[in-house]
Amino acid sequence: MRISPSSLNLWLECQQKWGYVYLDNLEPTFTPEYLNIGHIIHRWLERYYKGMQAIEARDATWEEALGTTLKEVTEVARIKAMLWGISAGYPERYKTEEFQVLSVEVPSKTDPYDIVIPDVIIKKPNGEVWVLEHKITTQSNTDKYIKHIGIHPQPHAEVEAAKAVGICYNFIYKAEIRQKQTENLDEYCVRMATEYTNPDKHPRYYQRSWIYIPHSHTVNERASEEAIRMKMSKPGDKLQRNPHACFNYGSECAFLPLCQGVSSEGLYRTREDRSLIA
């Protein structure tokens, strides 16, 4: 049995949530706002690093989102304003990049994992290859991502697959700017773009953390991973719920209603193809 890095990550985060996803094959029928923002900005960054002009990539991303991601979302205005702001501010913040883009969202295979998909693989002027991993989050979560890099297998798998020396977390922070009652959507988008393009505020919204990662795990790390894999393949004991993950990274877990035993009718559907376990 081979376990993907995503599955291992989820097991380490919360065994109960892992069970809902990989044993019960459940997925929410709704998408929280923070996931919509992250997915949409990732799609814009993907197009941008593949060579699209920022505005062209923005419009294509928004058109795609309206047809898929945003069908059941209430805070469409804020998500659009965030896209407008970041697509204006990010190219301004990083006018010149001191690296060469080698690949964008290209699946890579590595042993003992299945397939991982690094956001961007880059090469610096000194010849070092790095994984550029986008994180659209709040500034208070920066330390959590960096702290967890030592225990989560996915960054290690991506670095190994890319034959890179490490991972660069490309943090883009969410602006806590809400639409005023006196402004229309276009005015809201302009105000958000002004916020993200202000050079004095760049440290508030953009940060990159470069972290070297050894290519090979120690014997103890590999043994620990194998133990986790074996337990995941035969979860005979009751799965443990991690209460610290109920509001992880400042957001409520999508499966919290199931854990709390409250009415969850219509909140979840069964996903037939769960291919992260092979």
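Note that the structure is predicted; figures quoted are calculated from it, not measured.

> I'd like a rundown of the nonpolar core, residues and numbers included.
One finds Trp44, Tyr49 and Tyr90 to be the most contacted residues of the largest nonpolar core, which totals 50 residues. Not counting the four nearest positions on each side in its chain, Tyr49 is found in contact with Tyr90, Glu97, Phe99, Val101, Val104, Val120, Leu132, His134 and Arg208. Within the second largest apolar cluster, 14 residues are counted, among which are Leu8, Tyr20, Met232 and Leu239.

> Explain the packing of helix H4 (residues 54-67) against helix H5 (residues 76-93) residue by residue, including any values.
Direction vectors running N to C along H4 and H5 enclose 160°, while the axes themselves pass 9 Å from each other. By the angle class used here, H4 and H5 are roughly antiparallel. Between H4 and H5 lies a crossing whose hand is right-handed. Residues Ala54, Arg58, Asp59, Thr61 and Trp62 of H4 form the contact with H5, whose own contacting residues are Val76, Ile79, Lys80, Leu83, Trp84, Ser87 and Pro91. When its residues are assigned to classes, the contact of H4 with H5 shows seven nonpolar, two polar and three charged.

> Kindly report on the sheet that holds strand E6 (residues 129-137), identifying the contributing residues and their values.
An order of E2-E5-E6-E7-E8 is seen for the five strands of this open sheet, with the pairing classed as mixed. Edge positions in the sheet fall to strand E2 (100-104) and strand E8 (206-212), since each of these pairs with one other strand and no more. On average, adjacent strands in this sheet sit at an angle of 30° to one another, irrespective of strand direction. Pairing analysis gives four bridges linking E2 to strand E5 (residues 120-123), with the strands arranged antiparallel.

> How would you explain the pattern of salt bridges if you had to name every residue and give the values?
Within this structure, the stated rule accounts for 11 salt bridges. Between Arg43 and Glu46 there is a salt bridge; the shortest N-O distance is 2.7 Å. Placement of the pair is Arg43 and Glu46 together in helix H3 (residues 33-49), with a separation of three residues, close to one helical turn. Relative accessible area serves as the criterion here: at 13%, Glu46 is assigned to the buried category. The salt bridge involving Glu64 is made with Arg47; its shortest N-O contact spans 3.5 Å. In this pair, Glu64 sits in helix H4 while Arg47 sits in helix H3, placing the two residues 17 residues apart along the sequence.

> Any details on H5? Residues and values, ideally.
In this model, H5 (18 residues) spans 25 Å end to end at C-alpha, consistent with the 26 Å of a helix rising 1.5 Å per residue. Burial analysis of H5 places 13 of its 18 residues in the buried class, the great majority of the element.

> Mind laying out the side chain of Asp119, listing which residues take part and the relevant values?
Relative to the assigned elements, Asp119 resides in the loop between strand E4 (115-116) and E5. Lys135 is the oppositely charged side chain nearest to the buried, salt-bridge-free Asp119, at an N-O distance of 6.6 Å. Contact partners of Asp119, with chain neighbours within four places excluded, come to His42, Ser103, Val104, Glu105, Leu132, Glu133 and His134.

> Explain the confidence of the model for the protein chain to me, using residue names and the numbers behind them.
Averaged over all residues, the pLDDT of the protein chain equals 82, while 80% of them reach at least 70. Overall, residues 274-278 carries pLDDT values under 50, and its contacts beyond four positions in sequence, including any with other chains, amount to 19 contacts.

Thresholds, definitions, all that
Residues numbered from 1 in each chain as written. Predicted model: local features only at pLDDT ≥ 70, side-chain atom pairs only at ≥ 80, totals over all residues. Heavy atoms only, no water. Core = buried A, V, L, I, M, F, W, Y, C linked by side-chain atoms within 4.5 Å. Buried < 20%, exposed > 50% of the residue type's maximum accessible area, 1.4 Å probe, protein only. Contact = heavy atoms within 4.5 Å. Axes fitted to C-alpha atoms, helices over the stretch in contact; angles between N-to-C directions. Helix = DSSP H or I, 4+ residues; strand = E, 2+ residues; numbered from the N terminus. Parallel < 35°, antiparallel > 145°, perpendicular 65-115°, else oblique. Left-handed = near helix turned anticlockwise from the far one by under 90°. Nonpolar A, V, L, I, M, F, W, Y, C, P; charged D, E, K, R; others polar. Pairing = 2+ DSSP bridges. Salt bridge = Lys/Arg side-chain N within 4 Å of Asp/Glu carboxyl O. Expected span 1.5 Å × (residues − 1). Lys, Arg positive; Asp, Glu negative; His and termini not counted. pLDDT = per-residue confidence, 0-100.

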